[in-house]
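Coordinate inspection notes
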Amino acid sequence: MAFELPELPYSKDALEPHIDAQTMEIHHDKHHAGYTTKLNAAIEGTDLEGKKIEDILANISQHGAGVRNNGGGFYNHALFWEVMGPNGGGNPSGELADAINAAFGSYESFKEEFAKAATTQFGSGWAWLLVGADGKLHVSSTPNQDNPLMDVAEVKGTPILGLDVWEHAYYLKYQNKRPDYVSAFFNVINWDEVAKRYAAAK
C-alpha cells in the first residue's frame with residue numbers, strides 16, 4: 001500500500017487569523033502532497049513498501065536521503081495538521097498538564113522553552129514536544145524534515161506536538177518574523193489531540 005496524503009481535519013481557513021488559508025492550501029496541497037509522492041517513489045520496489053512510516057523512520061540511518069527527507073516530511077506534516085484545530089489554544093489539562101508542570105515547572109516555562117527551540121532552530125526545521133524513553137516530556141528541535149522518531153535524532157522519543165518552522169509554513173503572513181508565527185501557534189494547538197498522543201506514548 002502506497003502512502004496517501006491525509007485530508008485536513010478542518011477547512012483551510014479554519015485557523016484564521018493565526019494561520020492563513022492561502023498558506024494552508026499551499027502547505028497541504030503542494031508541500032505535503034509533494035513529500036507523499038516522493039516518499040512513494042523512493043520506496044517503490046524496495047523492502048520498505050508496506051511498512052509503517054514509524055518503522056521506516058526508526059531505522060532511517062540505513063536509508064537514503066530521499067527516504068529520510070520525504071518520509072520525515074510525510075510524517076511530520078500528518079502530525080502537524082492533527083495537533084492544530086479551530087478550537088485550539090488555551091491550556092492543557094489533566095495528566096498532560098501535570099506532566100508539563102513536572103518536566104518544565106509550569107506551562108509558561110514550557111511555552112518559553114518550546115518557543116526558544118522553534119525560534120532558534122537555524123534554517124528550516126521543526127520544534128517538538130516529545131515523550132522520551134524515560135517516559136518524561138522533553139522539548140527539542142530538528143533540522144529539515146528530521147524528527148525524534150529517527151535513530152539519527154539528537155533527542156529521541158515519540159513526538160506529541162510539532163511546529164513546522166520552514167519558511168513555507170509562515171512566510172506569506174509573517175514574512176521573516178518567525179517569533180510572531182511561533183507565538184500565534186499557541187492559539188491553535190489542539191490540546192485534546194496532544195493529550196491523546198501523550199497517553200498513547202507514555
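Remember, predicted model here, so these are calculated numbers, not experimental data.

**Some points on the sheet that holds strand β1 (residues 125-131)**
- Across the sheet, three strands lie side by side as β2-β1-β3; this open sheet has antiparallel pairing. With partners counted over all chains shown, the strands left at the sheet margins are β2 (137-143) and β3 (158-164), one partner each. For this sheet, the mean inter-axis angle between neighbouring strands, taken without regard to orientation, is 25 degrees.
- Bridge count between β1 and β2: seven bridges; the pairing is antiparallel. From the neighbouring strand, V131 faces β2, where its bridge partner is L137.
- Each of β1, β2 and β3 touches helix α8 (residues 191-201); the most contacted strand, β3, lies at about 145 degrees to it.

**Regarding the packing of helix α5 (residues 107-120) against helix α7 (residues 178-185)**
- Look at α5 against α7: their axes get within 10 Å of each other, and the N-to-C directions meet at 145 degrees. For the element pair α5 and α7, the recorded crossing hand is right-handed. Together, F114, A115, A118 and T119 of α5 and R178, P179, V182 and F185 of α7 make up the contact between the two elements.
- Residue classes in the contact of α5 with α7 are distributed as six nonpolar, one polar and one charged.

**Some remarks on the pattern of salt bridges**
- Summed over all chains, the structure comprises five salt bridges.
- Measuring nitrogen to oxygen at the nearest pair gives 3.3 Å for the salt bridge that ties K12 to D29. Linking K12 in the segment before α1 (21-43) with D29 in helix α1, this pair joins segments that are 17 residues apart in sequence.
- The partly exposed category is assigned to D29, whose relative accessible area is 30%.
- A salt bridge links K202 to E95; the shortest N-O distance between them is 3.4 Å. Within this pair, whereas K202 is found in the segment after α8, its partner E95 is found in helix α4 (residues 94-104), the two being separated by 107 residues in sequence.
- Put simply, E193, K196 and R197 are held in one network by salt bridges that share partners.

**Regarding the environment of P92**
- Mapped onto the secondary structure, P92 falls in the loop between α3 (65-82) and α4.
- Residue classification places P92 among the buried residues on the basis of a relative accessible area of 11%.
- Taking the C-alpha atoms as reference points, P92 and L8, 84 residues apart in sequence, are found 23 Å from one another.
- For P92, the contacting residues outside a window of four places in its chain are A97, I100, Y107 and W191.

**Examining the environment of V194**
- Mapped onto the elements, V194 comes out in helix α8.
- What makes V194 buried here is its relative accessible area of 0%.
- A C-alpha to C-alpha distance of 5.6 Å links V194 and I160, two positions 34 residues apart in sequence.
- Leaving out residues up to four positions away in the same chain, V194 has contacts with V83, L96, I160, L161 and I189.

**Considering the side chain of D20**
- With respect to the helices and strands, D20 occurs in the segment before α1.
- Nearest to the buried, unbridged D20 among oppositely charged side chains is K173, at 5.8 Å.
- If we skip the residues at most four places from it in the chain, D20 touches K12, L172 and K173.

**Brief notes about α4**
- Turning to α4, its buried residues are L96, A97, A99, I100 and F104. Buried residues of α4, seen end-on, are gathered within an arc of 160 degrees and therefore sit on one face of the element. Facing away from the buried side of α4 by more than 90 degrees, the exposed set consists of E95, D98 and A102.
- Positive backbone phi, approximately 95 degrees, marks G105, located one or two places after α4.

Rules of the game
Residues numbered from 1 in each chain as written. Predicted model: local features only at pLDDT ≥ 70, side-chain atom pairs only at ≥ 80, totals over all residues. Heavy atoms only, no water. Pairing = 2+ DSSP bridges. Helix = DSSP H or I, 4+ residues; strand = E, 2+ residues; numbered from the N terminus. Axes fitted to C-alpha atoms, helices over the stretch in contact; angles between N-to-C directions. Contact = heavy atoms within 4.5 Å. Left-handed = near helix turned anticlockwise from the far one by under 90°. Nonpolar A, V, L, I, M, F, W, Y, C, P; charged D, E, K, R; others polar. Salt bridge = Lys/Arg side-chain N within 4 Å of Asp/Glu carboxyl O. Buried < 20%, exposed > 50% of the residue type's maximum accessible area, 1.4 Å probe, protein only. Lys, Arg positive; Asp, Glu negative; His and termini not counted. Arc of directions from axis to C-beta.

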